[in-house]
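This is what each chain is made of:
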Amino acid sequence: MLVRVGQGFDAHRFADGDHVMLGGVKIPFDFGLAAHSDGDVILHAICDALLGAAGLGDIGQHFPDNDAQFAGADSRAFLRHCNGLVAAQGHQVANIDVTLIGERPRIGPFRDTIKANIAADLGIEPGAVNVKATTTEKMGFTGRGEGLAAAAVCLLMSR
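Computed from a predicted model, the values in this text were never measured in an experiment.

S.K.: So what's going on with the sheet that holds strand 1 (residues 2–15)? Which residues, and what values?
M.R.: In spatial order, the strands read 4-1-7-5-6; together these five strands make up an open sheet with mixed pairing. Looking at the sheet topology across the chains shown, the edges are occupied by strand 4 (32–33) and strand 6 (129–134). Pairing between strand 5 (residues 91–101) and strand 7 (residues 147–158): 10 bridges, direction antiparallel. If you follow I101 over to strand 7, its bridge partner there is A149. Relative to strand 1, helix 1 (residues 41–53) is tilted by about 150°, and along the sheet it contacts strand 1, strand 5 and strand 7. In the packing of helix 4 (residues 111–122) onto the sheet, the strands contacted are strand 5 and strand 6, and the crossing angle to strand 6 comes to about 140°.

Here it is as structure tokens:
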């Protein structure tokens, strides 16, 4: 059995808005995220982890931010597409571990829905998805409340 590991990272600054998309969930908030698509840092980091593990480049190569067809796009579609690319190579996602980095918003009330969305889009059990959050103790751009970031790791298996 072949095992491959990938890691991903994404960050977006806050902008005008009334919600952020995180893990495919619309979370009410004082700001939105500046992005070409919906700015879902959690899903973008997972996409990069999947693509990296499969040796398929990065999210910007597959969904360029200068391509009008991706303006305002739902990042769940990105995740499903990346999963399809991985599956076409004979790999299957074994697990995902993702960390949201920021002082706010709090994702506790939304965590189960975020996990369920990710699991559904990847065709895996929710127990194979871990979603957590941390702050940077008010240090750096996330600590100053200027934006959000996410880091993800995935394990792919194939025969």
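Moving on, there is more to tell.
S.K.: Before we move on, can you summarise helix 3 (residues 75–88) with the specific residues and values?
M.R.: Here helix 3 contains 14 residues, and its C-alpha end-to-end distance of 20 Å stays within 8% of the 20 Å for a straight helix at 1.5 Å per residue. If you check which residues of helix 3 are buried, you get S75, R76, F78, L79, C82, N83 and V86. All buried residues of helix 3 project into a common sector of 155° when viewed along the axis, lining one side. Next to the buried residues of helix 3 lie helix 1, helix 2 (59–62), strand 5, helix 4 and strand 7. Looking at where helix 3 begins, the residue whose side-chain oxygen comes 2.8 Å from the main-chain nitrogen of R76 is D74. Positive phi shows up at G90, right after helix 3, with a value of about 90°.

What counts and what doesn't
Residues numbered from 1 in each chain as written. Predicted model: local features only at pLDDT ≥ 70, side-chain atom pairs only at ≥ 80, totals over all residues. Heavy atoms only, no water. Pairing = 2+ DSSP bridges. Helix = DSSP H or I, 4+ residues; strand = E, 2+ residues; numbered from the N terminus. Contact = heavy atoms within 4.5 Å. Axes fitted to C-alpha atoms, helices over the stretch in contact; angles between N-to-C directions. Expected span 1.5 Å × (residues − 1). Buried < 20%, exposed > 50% of the residue type's maximum accessible area, 1.4 Å probe, protein only. Arc of directions from axis to C-beta. Polar contact = N/O pair within 3.5 Å; in protein donor to acceptor, adjacent residues only side chain to side chain.

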